[in-house]
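In case you want the letters, here they are:
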Amino acid sequence: QVQVVESGGGLVQAGGSLRLSCRASGRILGINAMGWYRQAPGKQRELVARITRGGTTNYADSVKGRFTISRDNAENTVYLQMNSLKPEDTVVYYCNAEIVGSDYVARSYWGQGTQVTVSS
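Residues numbered from 1 in each chain as written. Predicted model: local features only at pLDDT ≥ 70, side-chain atom pairs only at ≥ 80, totals over all residues. Heavy atoms only, no water.

### Let's talk about the sheet that holds strand 1 (residues 3-7)
Sheets are built from strands that pair by backbone hydrogen bonding, the pairs being arranged parallel or antiparallel. Strand order in the open sheet made by the 4 strands is 1-3-8-7, with antiparallel pairing throughout. The sheet is open, and its two borders are formed by strand 1 and strand 7 (67-72), each paired with just one other strand. In this sheet, neighbouring strand axes are inclined to one another by 15° on average, regardless of whether the strands run parallel or antiparallel. Bridge count between strand 7 and strand 8 (residues 77-82): 6 bridges; the pairing is antiparallel. Across the sheet, residue Phe 67 finds its bridge partner in strand 8, namely Met 82. (Pairing = 2+ DSSP bridges. Helix = DSSP H or I, 4+ residues; strand = E, 2+ residues; numbered from the N terminus. Axes fitted to C-alpha atoms, helices over the stretch in contact; angles between N-to-C directions.)

Below, the structure is given as structure tokens:
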């Protein structure tokens, strides 16, 4: 079965840095895109950053200049480098991947979520 697994969340002081990692595994023919989303309690899940197979990136305005998304295609892994963290970045972050499986069908998969907490 295809799985998406995250790591790297934790507690950091304002102005500090953190790097999130997400790796997809299983019977994968290809990955069209991978990205990071976040969701605060009672709020909609929103895009943080996304990168396609071709390398095109997209960022939320609130994180431009602070966060950088990158990928390692050989390892089916995406990273989110988070710099200059602010208390308002405190939220649960989720990894998403659009994966082409062994049946040649593209499906969306979500990680379990990881908590990022930024103290002031």
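### Regarding unusual backbone geometry
Look at Asn 76: it is not a glycine, yet its phi comes out positive at around 50°. You can see Asn 76 is positioned in the loop between strand 7 and strand 8. According to the relative accessible area criterion, Asn 76 is partly exposed, its value standing at 24%. Despite not being glycine, Ser 84 has its phi angle at roughly 50°, a positive value. Mapped onto the elements, Ser 84 comes out in the loop between strand 8 and strand 9 (91-101). Judged by its relative accessible area of 39%, Ser 84 falls in the partly exposed class. (Buried < 20%, exposed > 50% of the residue type's maximum accessible area, 1.4 Å probe, protein only.)

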